[in-house]
Amino acid sequence: MATYLTYPFKTMTITQSYTGSTSHYPHTKGNYRDYPIDEAGADYGRDPFYAPCKLKVVRIYGVGNGGTNTVWLQSTEKVKLANGKTDYVTIMLIHPNDSDLRRLYVGRKFNKGDIVCYEGTDGATGNHIHMSVGMGTMTCGGWVQNSYGKWVLSTSHGTIRPQEAFFIDPKFTKIKQTKGIVFKKLPTGKAGIKYTAGDYKVIKVGGAGVLRLRKGPAKTYSKVKYSEMTKSAQEKILKLAGKKVNGYVKGLTFTALEVKGNWGRTPSGWVNLTYCERI
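Predicted model only: the values in this text are computed from it and were never measured.

Q: Which residues make up the overall build of the chain, and what values go with them?
A: The helix and strand tally for the chain stands at three helices and 24 strands. Its C-alpha atoms give the chain a radius of gyration of 20 Å, within 12% of the compact-globule value 19 Å for 279 residues. Reported as C-alpha extents along the three principal axes, the dimensions of the chain are approximately 65 × 35 × 35 Å. For the chain, the accessible surface area stands at approximately 12900 Å², while carbon and sulfur atoms represent 48% of it. Between the averaged position of the 42 positive side-chain charges in the chain and that of its 19 negative side-chain charges there is a distance of 7 Å.

What follows is the structure in structure tokens.
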């Protein structure tokens, strides 16, 4: 079951596209090219980059005075891309601060939704992330110099435009500025995914901060209370939330014993698997 690749910021404010006559223009022309965007997040602060799928760090460049800080992230499994293809994906991020890159190391893994790093100003005048995407795995050490003298992302199956890579999850990302780029929305109900029995992790919760459990595979069934859950589930909730709550919390892992549509039966009750990730 491939994961949909979703946009990795909670607020989209693209301040520079890959088109036009600005500094990104030479990246898209000549021999070897990529299609970078500058993402500034909600404001002038340092918004986080959230892992858009399970991924790992495959290269780190810069830190200190070694050059403009850059990190390469590669999915650990194939993902569903907005261009309709399913493949591994490699993402190159430029401008994170030294403090972020010193926390990372080659081989470090992240689950979907984990914070990887933040916008930075290393080699830049204002906080943002310069981001390029490619299909497949990293090649040529992660980048090659094109005929315009720009170092562009290099991957085994070629670089792609951001709208060919990322879906927009409206429940996660608020759009402020796209610079004319049109993105596809995440299919309603994650259409096309067939959920199966197995181990899952809660990656999203509702407004109450919990993912409600039901006594049957639909919202029409009554809710499961904390006192009605298994001892194991209660212990996990206390550890993650620090208190008793009537639902699963983000990060909690469980086993779906059987599946009906988008609903999985856990030892404590039925849960909507569209809020969860297979592990």
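Q: Tell me what's going on with the sheet that holds strand β20 (residues 253-256), and back it up with residues and numbers.
A: Strand order in the open sheet formed by three strands is β20-β19-β24, with antiparallel pairing between adjacent strands. In the strand order of this sheet, the two ends are held by β20 and β24 (276-278), each with one partner. Put simply, the sheet's adjacent strands are angled 40° from each other on average, direction ignored. Pairing of strand β19 (residues 198-202) with β20, which is carried by four bridges, proceeds in the antiparallel orientation. The residue of β20 that forms the bridge with Gly198 is Ala256.

Q: Tell me about the sheet that holds strand β8 (residues 86-87), and name the residues and values.
A: What the three strands build is an open sheet, ordered β1-β7-β8; its pairing is mixed. Edge strands, defined here as strands with exactly one partner in the open sheet, are β1 (3-4) and β8.

Q: Describe in detail the nonpolar core, supporting the description with residues and values.
A: Membership of the largest hydrophobic core comes to 35 residues, with the highest contact counts inside it found for Tyr7, Phe49, Leu93, Val116 and Met131. The set of elements that each furnish at least two residues to this core consists of β2 (11-16), β5 (55-61), β6 (70-75), β9 (89-94), β11 (115-118) and β12 (129-135). Residues within four places of Met131 in sequence aside, it is in contact with Tyr7, Pro8, Tyr35, Pro36, Ile37, Phe49, Ile91, Met92, Leu93 and Phe166. Formed by 21 residues, the second largest nonpolar core is a distinct cluster that contains Leu213, Ala233, Ile237 and Leu252.

Q: Give me the lowdown on the pattern of salt bridges, citing residues and values where you can.
A: Counted under the stated rule, the structure contains seven salt bridges. Here Arg46 makes a salt bridge to Asp100, at a shortest N to O gap of 2.9 Å. With Arg46 in the loop between β3 (37-39) and β4 (48-50) and Asp100 in helix α1 (residues 98-101), this pair connects stretches of sequence that are 54 residues apart. Residue Arg46 is classed as partly exposed on the basis of its relative accessible area, which comes to 33%.

Q: Residues and numbers for unusual backbone geometry, please.
A: Despite not being glycine, Val63 has its phi angle at roughly 65°, a positive value. For Val63, the location among the structural elements is in the loop between β5 and β6. Given a relative accessible area of 25%, Val63 falls into the partly exposed group. For Lys179, which is not glycine, the phi dihedral falls at a positive 55°. By the secondary structure assignment, Lys179 is in the loop between β17 (174-177) and β18 (184-185).

Q: Explain the packing of aromatic side chains residue by residue, including any values.
A: This structure, assessed with the given rule, holds twelve aromatic pairs. With a centroid separation of 5.3 Å and an interplanar angle of 90°, the aromatic rings of Tyr50 and Phe172 are classed as edge-to-face. Of this pair, Tyr50 sits in strand β4 while Phe172 sits in the loop between β16 (167-168) and β17; the two residues are 122 residues apart in sequence, bridging distant segments of the chain. Owing to a relative accessible area of 12%, Tyr50 belongs among the buried residues under this scheme. Of the residues examined, Phe172 reaches a relative accessible area of 25% and is grouped as partly exposed. Looking at Arg161, its charged tip hangs above the ring of Tyr35, at a distance of 4.3 Å from the centre.

Calculation notes
- Residues numbered from 1 in each chain as written.
- Predicted model: local features only at pLDDT ≥ 70, side-chain atom pairs only at ≥ 80, totals over all residues.
- Heavy atoms only, no water.
- Helix = DSSP H or I, 4+ residues; strand = E, 2+ residues; numbered from the N terminus.
- Rg over C-alpha atoms; globule rule 2.2 N^0.38 Å.
- Areas by Shrake-Rupley, 256 points an atom, 1.4 Å probe, with all protein chains shown as cover.
- Lys, Arg positive; Asp, Glu negative; His and termini not counted.
- Charge placed at Lys NZ, Arg CZ, Asp CG, Glu CD.
- Pairing = 2+ DSSP bridges.
- Axes fitted to C-alpha atoms, helices over the stretch in contact; angles between N-to-C directions.
- Core = buried A, V, L, I, M, F, W, Y, C linked by side-chain atoms within 4.5 Å.
- Buried < 20%, exposed > 50% of the residue type's maximum accessible area, 1.4 Å probe, protein only.
- Contact = heavy atoms within 4.5 Å.
- Salt bridge = Lys/Arg side-chain N within 4 Å of Asp/Glu carboxyl O.
- Phe/Tyr/Trp six-rings, centres within 6.5 Å; stacked < 30°, edge-to-face > 60°.
- Lys NZ or Arg CZ within 6 Å of the ring centre and 35° of its normal.

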